[in-house]
Amino acid sequence: GAVVSQHPSRVICKSGTSVKIECRSLDFQATTMFWYRQFPKQSLMLMATSNEGSKATYEQGVEKDKFLINHASLTLSTLTVTSAHPEDSSFYICSASAGTVNTEAFFGQGTRLTVV
Amino acid sequence: AQSVAQPEDQVNVAEGNPLTVKCTYSVSGNPYLFWYVQYPNRGLQFLLKYITGDNLVKGSYGFEAEFNKSQTSFHLKKPSALVSDSALYFCAVRELNTDKLIFGTGTRLQVFP
């Protein structure tokens, strides 16, 4: 299957700082990328959908000024957690889609963010 | 609205025995259904999908799933479980006219030696 690379896999940061997470589709052009957050022992919560060259669409309750998403090219989307707080500690996962409804989405390895 | 339900939080099975992880769906129109597996601290790996065609879909690692329209189910199955199959399994359905996936709550599969 297609490969989606997410980096870093693990990051620890201090409260008040910002953290950037990258998501790259390595062998296909991702017209759409998705960012999820997963709490322990829970399902994935969709945070936002990003389309190349346009503003991300955020799900209800997700602060767009706190979770900045940029999808500058067909192979790269970034999620920046700004002014991080301990409650932002979580597992963040990206996925990428080639844009046709009958194809599967491919997921990155996930990023474990710990804010201390 | 599209949705999927995974009624079991956890499924326990002995190695070598057949396993089933249940999923039911509720959709408008034709369903696009998916199964993914997640190992600890990892992203999701695609296992298989149903779009159209044969009701029995074969996927990765020996898994298969049967699409049953009358029962609105898409249960994941494997004839002989391995300890290494122990993981978190998610059923998902494509939201109508979008790329979004709607996930079930997940089922933790534990295979005992």
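Residues numbered from 1 in each chain as written. Chains lettered and ligands numbered in written order. Predicted model: local features only at pLDDT ≥ 70, side-chain atom pairs only at ≥ 80, totals over all residues. Heavy atoms only, no water.

### Notes on the overall build of chain A
Then, in step 1: Looking only at helices and strands, chain A features 0 helices and 11 strands.
Then, in step 2: The N-to-C order of helical and strand elements in chain A reads β-β-β-β-β-β-β-β-β-β-β.
Then, in step 3: Relative to a compact globule of 116 residues, whose C-alpha radius of gyration would be 13 Å, chain A shows 13 Å and is just as compact.
Then, in step 4: Dimensions of chain A along its principal axes, counting C-alpha atoms only, are 40 × 25 × 20 Å.
Then, in step 5: Within chain A, buried positions represent 49% of all 116 residues.
Then, in step 6: Accessible area for chain A stands at about 5,600 Å²; split by element, carbon and sulfur atoms hold 51% of it.
Then, in step 7: Positive and negative charge centroids in chain A, built from 10 and 9 side chains respectively, lie 8 Å apart. (Helix = DSSP H or I, 4+ residues; strand = E, 2+ residues; numbered from the N terminus. Rg over C-alpha atoms; globule rule 2.2 N^0.38 Å. Buried < 20%, exposed > 50% of the residue type's maximum accessible area, 1.4 Å probe, protein only. Areas by Shrake-Rupley, 256 points an atom, 1.4 Å probe, with all protein chains shown as cover. Lys, Arg positive; Asp, Glu negative; His and termini not counted. Charge placed at Lys NZ, Arg CZ, Asp CG, Glu CD.)

### What to know about the packing of aromatic side chains
The relation between two aromatic rings is expressed through the spacing of the ring centres and the mutual angle of the planes.
Then, in step 1: One pass over the full model with this rule turns up 14 aromatic pairs over all chains.
Then, in step 2: Plain terms: the ring middles of F67(A) and Y92(A) are 6.3 Å apart, the flat faces sit at 45° to each other, and that makes the pair tilted. On the criterion of sequence distance, the pair formed by F67(A) in strand β7 (residues 67-73) and Y92(A) in strand β9 (residues 90-97) is long-range, its members being 25 residues apart. The same class applies to F67(A) and to Y92(A), which are both buried.
Then, in step 3: Ring geometry for F107(A) and F103(B): centres 6.0 Å apart, planes at 70°, overall edge-to-face. Residue F107(A) is located in strand β10 (residues 106-107), and its partner F103(B) is located in strand β11 (residues 101-103); the two belong to separate chains.
Then, in step 4: Overall, F103(B) belongs to the buried group, its relative accessible area being 12%.
Then, in step 5: Chaining the aromatic ring pairs together yields one cluster made of Y36(A), F107(A), F34(B), Y36(B), F46(B), F90(B) and F103(B). (Phe/Tyr/Trp six-rings, centres within 6.5 Å; stacked < 30°, edge-to-face > 60°.)

### Thoughts on the nonpolar core
Then, in step 1: Among the nonpolar cores identified, the biggest contains 26 residues, and L33(B), W35(B), L47(B), L48(B), F74(B), L76(B) and Y89(B) are the most heavily contacted of them.
Then, in step 2: Elements with a contribution of two residues or more to this core: β2 (10-14), β3 (19-21), β5 (33-38), β6 (44-50), β8 (64-68), β9 (73-78), β10 (87-94) and β12 (107-112) of chain B.
Then, in step 3: Element by element, the count of residues in this core is highest for β10(B), at 4 residues.
Then, in step 4: Excluding residues within four positions of it along the chain, F74(B) makes contact with C23(B), L33(B), F34(B), W35(B), L48(B), K49(B), Y50(B), A65(B), E66(B) and F67(B).
Then, in step 5: By size, the runner-up hydrophobic cluster in this structure holds 25 residues, among which are V11(A), C23(A), I69(A) and C94(A). (Core = buried A, V, L, I, M, F, W, Y, C linked by side-chain atoms within 4.5 Å. Contact = heavy atoms within 4.5 Å.)

### Notes on unusual backbone geometry
Working note: non-glycine residues mostly have negative phi, and peptide bonds are mostly trans.
Then, in step 1: A cis geometry characterises the amide bond from H7(A) onward to P8(A), with omega recorded as 0°.
Then, in step 2: Looking at the secondary structure, you find P8(A) in the loop between β1 (4-7) and β2 (10-13).
Then, in step 3: Residues other than glycine seldom take positive phi values, yet S83(A) does so here, at roughly 45°.
Then, in step 4: Position of S83(A) relative to the elements: it lies in the loop between β8 (76-81) and β9.
Then, in step 5: Judged by its relative accessible area of 34%, S83(A) falls in the partly exposed class.
Then, in step 6: Here N41(B), not a glycine, exhibits a phi torsion of approximately 55°, which is positive.
Then, in step 7: Among the secondary structure elements, N41(B) is positioned in the loop between β5 and β6.

### A look at the pattern of salt bridges
Residues and elements named next belong to chain A.
Then, in step 1: Under the counting rule described, the total for this entry stands at 6 salt bridges over all chains.
Then, in step 2: Where R24 meets E22, a salt bridge forms, and the shortest distance between an N and an O atom there is 3.5 Å.
Then, in step 3: Overall, the relative accessible area of 35% leaves R24 in the partly exposed class.
Then, in step 4: A relative accessible area of 25% means that E22 is categorised as partly exposed. (Salt bridge = Lys/Arg side-chain N within 4 Å of Asp/Glu carboxyl O.)

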